[in-house]
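Structural overview
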Amino acid sequence: MARVAPLTGRDTEVNLLKDRWEQANEGMGQVVLLIGEAGLGKSRLVHTLKEHVLGQMVEGEVDSPVIEWRCSPHFQNTGLHPAIDFYERALDFALEKSAQAQFDRLLSRLEAYDLARPETLPLWASLLRLPTSDRFPPLSLSPTRLREETFRVMREWLHTRAVRRPVLFVVEDLHWVDASTLEFLGQFLTEGLHDRILTVLTFRPEFKTPWPAVAHQTSLALNRLTRRQVGELLGKSAAASLPQQLIDQIHERTGGVPLFVEELARLVRESRRLDQAGERRRDATCSTMGSPARSETWW
């Protein structure tokens, strides 16, 4: 697993996210808009929150409390891609080669939630591009009606999950969202309280949510790291104390963007390793060839 640099300078943000999760646990649905430029640590904060939520799972639980949709610049014109991608991953479709086996897996999961009804399962099959069985013939609906009903069963599924246990619903990189997913989120968020669901939406400052502020919504804008925070991050990442002059230079060059600070810290670590390796080679050479005076004569 790749080394993850310590989260530095975000204690306030982490505590706020944990507080909103606790409120969702108490049945007061929460929405957090996590806003920040690229490299400021939105995904790192989400990762920290996910670890906190997963750490509260009870032994023996099967379904994860984390539902994570990921928007992509490559699928901005593909309707509901973040949702479809999540469902296919959650259902382990990669393990099944045939469409029929995938449909059976979908049917089994929906039955576990009492959601495998004749009027709803064809909607799920259509969403995931699966053929239906004779038990669940396709529905004759107009495209508009099909979208409305699909949105309805997706919301029903989320609320059913939340009845069983609190849910962390994350949608990352909303600035790359497709139109259908954005429409779904607008309906989901404006329908009212969301029981035991904490919804976290991450995006860059240039993106503006098209829906009005909803109840229990918090906007959390990430700032760049201060000079002191950069020093703390460098100290943890480089595993060594660094001179203040170097810290000042790195702060100046990176503008306090954590991603860039971590990259320079990595370069510092590698440079130190090369220096140490060079010192060991020189020591070994001197030990083999004798005293410095003799080696100078030999050269």
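Below is a summary of the structure that appears in this document. Please read these numbers as outputs of a predicted model, since none were measured by experiment.

Each value, and the rule that gives it
Residues numbered from 1 in each chain as written. Predicted model: local features only at pLDDT ≥ 70, side-chain atom pairs only at ≥ 80, totals over all residues. Heavy atoms only, no water. Axes fitted to C-alpha atoms, helices over the stretch in contact; angles between N-to-C directions. Helix = DSSP H or I, 4+ residues; strand = E, 2+ residues; numbered from the N terminus. Parallel < 35°, antiparallel > 145°, perpendicular 65-115°, else oblique. Left-handed = near helix turned anticlockwise from the far one by under 90°. Contact = heavy atoms within 4.5 Å. Nonpolar A, V, L, I, M, F, W, Y, C, P; charged D, E, K, R; others polar. Core = buried A, V, L, I, M, F, W, Y, C linked by side-chain atoms within 4.5 Å. Buried < 20%, exposed > 50% of the residue type's maximum accessible area, 1.4 Å probe, protein only. Salt bridge = Lys/Arg side-chain N within 4 Å of Asp/Glu carboxyl O.

1. What about the packing of helix 1 (residues 11–25) against helix 2 (residues 42–54)?
Each packed pair of helices is defined by two parameters, the angle between the axes and the distance between the axes. Helix 2 packs onto helix 1 with a crossing angle of 45° between their chain directions and a minimal axis gap of 10 Å. The orientation of helix 1 with respect to helix 2, classified from their angle, is oblique. The two elements helix 1 and helix 2 cross, and the hand of that crossing is right-handed. Note on element contacts: helix 2 touches helix 1 through Leu45, Thr48, Leu49, His52 and Val53, opposite Glu13, Val14, Leu17, Lys18, Trp21 and Glu22. Grouping the constituent residues of the contact of helix 1 with helix 2 by class yields 6 nonpolar, 2 polar and 3 charged.

2. Topic: the nonpolar core
Membership of the largest hydrophobic core comes to 48 residues, with the highest contact counts inside it found for Trp69, Tyr87, Met154, Phe169 and Leu174. Not counting residues up to four positions away in its chain, the partners in contact with Met154 are Trp69, Leu80, Ala83, Tyr87, Trp124, Leu127 and Phe184. In terms of nonpolar packing, the next biggest core, distinct from the first, is built from 19 residues, Val14, Leu34, Leu40 and Val46 among them.

3. Things to note about the pattern of salt bridges
The final tally for this structure, using the stated rule, is 14 salt bridges. For Glu68, the salt bridge identified is with Arg70, shortest N-O distance 3.8 Å. Using a relative accessible area of 8% as the deciding quantity, one classes Glu68 as buried. Among the ionic pairs, Arg155 bridges to Glu191, the shortest N-O distance being 3.4 Å. One end of the pair, Arg155, is in helix 6 (residues 143–164); the other, Glu191, is in the loop between helix 7 (179–190) and strand 4 (197–203), with 36 residues separating them in the sequence. One network of salt bridges, in which partners are shared, links Arg145, Glu148, Glu149 and Arg152.

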